[in-house]
Every structure is written in C-alpha cells, then in structure tokens.
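Structural overview
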Amino acid sequence: MSALTLTLKYRPDQRVDMSPLVCGLLQDKDPAEIGAIELQCGKRKIPVNELFTIAGVDTQQIIIKNSFDKLDFIGKELDGGRISVEGDAGAYLGMGMKSGEIKVSGNAGLYAACEMKKGYLEIAGNAGDFLGGALPGNKMGMKGGTILVKGNVGERAGDHMRRGNILIEGNAGDYCGSRMTAGTIAVMGQTGRYLGYAMRRGTLLLWNPPQLQASFNDCGTHTLAFLPILFASFKTLDSRFADASQAFDRVQRYAGDMSEMGRGEVLVKAG
Amino acid sequence: MIINGVTIDATFAEAFPMKATRAIITAQNEKWAMIAAQAMTGFATSVIACGCEAGIERTLSPEETPDGRPGVAIMIFAMGGKGLAKQLETRAGQCVLTSPTSALFAGIDGGIRIPLGKNLRYFGDGFQISKVIAGKRYWRVPVMDGEFLTEATTGQVDAVGGGNFLVLAESQPQALAACEAAIEEMRKVPNVIMPFPGGVVRSGSKVGSKYKTLNASTNDAFCPTLKGATKTDLSPEIESVMEIVIDGLTKEDIDKAMRAGIQAVCDLGSDNGIKRISAGNYGGKLGPFHFHLQEIMA
C-alpha cells in the first residue's frame, strides 16, 4: 500500500491546526472521508481536500508535501505510525506523541515535541524554542522517547524535561535544560547562556565547554561507564551521534543547579 | 551399556524445577571481573544450606558485554522466585557493588523482572542517578572508586536443578582426574553451571538421616569405606566416587552438559581406572525431570 500523501495546494494566510491528520485518527478512513475532515485555519474551518491533494491509502504512513511553517500540531498525540514532513513544520510538532515516528526535512517551530511521551522525532533543520518542553503553566515536559535535531535549537530546550533523550547536532540557545527534572540532552555544538538553569536532575552532555553559571560546581574529570552504553544506543540513528569517532567516556563533571536540588549534571567532553 | 570399558548404569538422575537468573559482571579487566564473580557465587553449592546454587557460566569478551569491558556471566538458581531475588540482591550488594571497577548487568532479557540494582541504588544516599537507555533502566551509584553502574532488573526464568552423574573409579586421583576432564568439557556448554567446588562434589547425599534434625546425610551406598558395613552399591574394586551436579535453564541444556561430561570421563576409560558411571535419584517420585544415562549417551 502506498503512503497517504497530502500535498499542500497553496499556503493559507492563517495558521492551520493539523492535529486531526494523525495515523490513529485516520485509520480505516478512505480518501473521500479524509478529504472531508475540516481543519481549523484561523477562524475558519477548511476541508482537507481544499488545502491538500490527497494520494495513497496507507494511513499509517503519512507524507505531508510542500509543508510550511504555519502547519501547526502535526502528529499531535501520535500513537503509532509514521509521519514524514517534506518542508518546514509549524509549532507544536509531535506534541504529546505517544509512539511512532515523525521526520521533518526542514525546520520546526515553537514547542516541537512538547510533552512527548515516547517515540522518535527527527528534525533535519532547526527547531524553535521550548523543544521537548512543557506547555506554559505545566510542570512536566518530555517524558520519554528520542528527539534528534540536526540543526540548531532555540531557547529553553528540554524545559521541565522528565525523561528521554534530546540530541542536538548543532547549537542550543539560552536556558538549555532549564528546570529539567531528569533525562538527557546532548549538544554537539555550542550552548547559550544560563545552561541548566534551575535543573533538578538530568544530564547535559556537551562536546564544547559551556559558559556555566556560578551555581554549577566542578566535580573533576572522570571516566563514566554509562557513556559507552548511551552512545551504543545511538548507533542506529542517521546522525553524527551514531559516529563512533564522536563518542567519548571521559568527561569533566559539573553538578548543579545548586540553587535548586543540585542533583543534575553537566558533562563536558574532556580534552 | 559399556563405553571404552566404562559401564553406564541403567539408571537416571532426578532433577527438580527451580528458578534461575543470570547476571553479567564487568570490570576494568578480566581478573577483577572474575574476582567479583567468584565472590558473588561463593558459598552457593547447594540449596540445602546456602539458600541458592550459583556458579560462573563463562567469561565474556569485551564485544559481548554491554559496556565493552571484559566480563563474566554468572547464574543463580533457587527453589523459588522470592528466595532467588533475595539471594541475588544480597550477593550483588555485598560482592559486586563492593568490588573495584565492577559494573553489573542483566543476563536475561525476558522472563519475570527481579531487582538487580533497583534497590542497591539507595546506597547512593540520594546522589544516585537513573538513566533509561534503549528501554532499560540503569543506576549510577557514586562510590569511592568512581561510579558503580548497574542495570535495575534482570530476568527470572523457570529452570532445572539437580542433574547429576557419579564417577566410580579405582582410586581417588583417578576419580578426580576424570571429573576435572568432565568439568572442562561441560563448561563449554551454555546455560548450565556446576555449583560445587571446582564443579565436583565428593560428599553426595541421600535424603534423611538417623538424626532427626538432619534432612540430608552421606550417601552411604556409594561410600567406599562402608562397602562391608552397609547395603553398598559399589563393587570391590571401586575405591572412590565423585559426583558432578548440574543446574541448567532447560532439561535440554542439562542433557547436553551431562553428555559432554560423561563422554569426557569415558574417553579416559577403564585404562585410567574409571569403572562405572551412575546417577543419583529418589526412585523417580520426587523430581519431575529424569535424565536416563543410557538414553543420554545413546
């Protein structure tokens, strides 16, 4: 069966809520039924077939072509299946996803993978602020799964993160890992200011020395046994994280944020 | 049945259902992995008084271990799941957590999950760190030599304990040499352990005793010094009997190990003083697993 392919016909001026177009909600629906689904676009509701050309029938594999940065909530609460986005994705990409896989060939907007529970999200370009974070007012961000960003990410990546991995090949903005409860954020590029701000537990794994706050204390250089296991788990990824030459097990360890619980850590590749 | 002059008795070994688990111990080098493994499997020859039966299954190359360091696979067998979990945790805590550079991992992925490092983490006094990697939870416990890394749980599976055979020889050195040869071959078989010292037991037991407080006592029918004093099972030329006990994950694993061991003994043959191979049983009434020697060697 060929993948259900939704090709955007034109770029509407208003933002579009794509949350009805996830694998689980489309199961057993034929193209005509899918075409009749109404999407919120600004204050209007637009049928899918007005906005997209529909091809293919396999609703467990969805391809969104000509995507652009106003298509919000792609893969919201996805629970199994695959979504492939050709182009950019709007805000709230993969929000609360429970399982399955989302791949974006371009950039993603704000709050990508916010409150994600499980599954795999890959963004080939850049991601906006609050990647894997919690929605405003909520206390729990990402709870599991893996996010891979090949470009850069905005501010507050992993805000209130609780479990899972965020892998960033590029740079991370300010407040990376802020208010983390647990989990792992790995950044191959540079990190911004206020790294790990108010983090309680969790690991920030860095390839380059950060600009640390005074509330992080140096614990010395160590060889940590869990790192080879962590890197081994990245081997299947289509990423620089899978490259054995990028792996290391010797790190400078900083504990913090001491203004919070102080059980978090920043691990920096030892020179 | 006679193989190379060695008589294989028309009898069977009787074995029992047990619960088993496997753990992988790694360390900076094989020496220290082995030290931790030996400590963890110490005082675990028989469930009669040790609470479990444990042994080293084999050494593991760095490519075979989760953290890429040299390792040793150990297995623990107990009569019930509760007892097994208790023994595993106590031994891991006192023997592996304490051993320099060690790390501890699950050796069985399926089965019922029982705590491995799940509770040992509290040794970290709040400084312990959990990491879930590829669906498995690990604990990093800060210790004085660095960090003790342990997987939270390992698998418990149904297993078989008490497979055995007896080597009857003309002298004590010949019996021991035959058993050593057998153990060397049996250690190549996966999923089994021979829990007694060096894999060999010289004090095989029977059920019961004339003393009310004892539930096991010497197997007088196979004691060579009692040939004229009890209802013996030994012919006049037998001067020494030794036993090899095998615990395995399945009946087939024990079959393979018994065959390998008995074959190694028979290869030495009657020229080296080996006269008979027999086995211990309780008339077939107690254990559901029967290992008929002649069928195994057929």
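Every chain is numbered on its own, with residues counted from 1 as its sequence reads. The naming scheme follows written order: chains are lettered A onward, ligands numbered 1 onward. Local features in this predicted model are restricted to residues whose pLDDT is 70 or higher, and side-chain atom pairs enter the listing and the counts only when it is 80 or higher, whereas totals over whole chains, interfaces and linings include all residues. Calculated side-chain values reflect all of the structure's heavy atoms, with hydrogen atoms and water omitted.

1. Looking at the interface of chain B and chain A
Put simply, the rule is: Contacts are assigned to residue pairs with any non-hydrogen atoms lying within 4.5 Å of each other. For any pair of parts, buried area is found by adding up, for both, the accessible area (1.4 Å probe) each one loses once the two are put together. We define a salt bridge as a contact between a side-chain nitrogen of Lys or Arg and a carboxyl oxygen of Asp or Glu at a distance within 4 Å. By the criterion applied in these results, polar contacts are pairs of N or O atoms within 3.5 Å in which, for protein atoms, one can donate a hydrogen and the other can accept it, and in which residues neighboring in sequence qualify only through two side-chain atoms. A helix here means a DSSP run of H or I that spans at least four residues, while a strand means a run of E at least two residues long, and both kinds are numbered starting from the N terminus.
With 15 residues of chain B in contact, the opposing surface of chain A contributes 15 residues. Both faces considered, chain B and chain A share a buried interface measuring about 1200 Å² in area, 64% of it formed by carbon and sulfur atoms. Contact with chain A buries area across many residues of chain B, yet B:Lys131, B:Ile133 and B:Arg140 alone supply 39% of it, more than any other trio. At the junction of chain B with chain A, the criterion picks out one salt bridge. With a closest N to O distance of 2.5 Å, A:Glu265 and B:Arg140 form a salt bridge. Our count for the contact surface shared by chain B and chain A stands at five residue pairs in polar contact (both at pLDDT 80 or more). Counting only elements with at least two residues in the side of chain B that touches chain A, the list comes to strand 8 (129–133), strand 9 (136–143) and strand 10 (146–151) of chain B.

2. Brief notes about the domain arrangement of chain B
Residues and elements named next belong to chain B. Selection rule: How far each domain reaches was decided by an automatic or database domain assignment. Ten residues, namely Ala, Val, Leu, Ile, Met, Phe, Trp, Tyr, Cys and Pro, are considered nonpolar, four, namely Asp, Glu, Lys and Arg, are considered charged, and the remaining ones, Gly among them, are considered polar.
Once the domains are mapped, chain B shows domain 1 (2–14 + 159–297) and domain 2 (19–157). Between domain 1 and domain 2, the C-alpha centre-to-centre distance is 30 Å. Opposite the 16 residues of domain 1 that make contact, domain 2 presents 14 residues. Between domain 1 and domain 2 we count zero salt bridges in total. The set of elements that each furnish at least two residues to the side of domain 1 that touches domain 2 consists of strand 11 (153–169), strand 12 (192–193) and strand 15 (240–248). A breakdown of the residues in the side of domain 1 that touches domain 2 according to their chemical character gives 10 nonpolar, four polar and two charged.

3. Digging into helix 4 (residues 251–268) of chain B
For the record, the criterion: The length a helix should cover is 1.5 Å for every residue beyond the first.
Helix length check: helix 4 of chain B (18 residues) gives 26 Å between terminal C-alpha atoms against 26 Å at 1.5 Å per residue, within 8%. Residue B:Gly269 follows helix 4 of chain B closely and has a positive phi angle near 70 degrees.

4. Quick look at the side chain of B:Ser99
Tracing the backbone through its elements, the reader meets B:Ser99 in the loop between helix 2 (81–96) and strand 6 (103–106). Dropping the residues within four chain positions of it, B:Ser99 is found in contact with B:Trp32 and B:Ala36.

5. Section: helix 3 (residues 172–186) of chain B
For helix 3 of chain B, which comprises 15 residues, the first-to-last C-alpha distance of 21 Å matches the rise-based estimate of 21 Å (1.5 Å per residue) to within 8%. Where helix 3 of chain B is buried, its residues contact strand 11, strand 12, strand 15, helix 4 and strand 16 (274–278) of chain B.

6. With respect to the pairing of strand 4 (residues 44–47) of chain A
Residue and element names in this part refer to chain A. Note the threshold: Two strands form a pair only when DSSP identifies at least two bridges running between them.
Across four bridges, the pairing between strand 3 (residues 38–41) and strand 4 is antiparallel. Note on strand 4: the bridge partner recorded for Glu 38 is Pro 47. Where strand 3 folds back on strand 4, the antiparallel hairpin that results is connected by two residues, among which Gly 42 adopts a positive phi of roughly 60 degrees.

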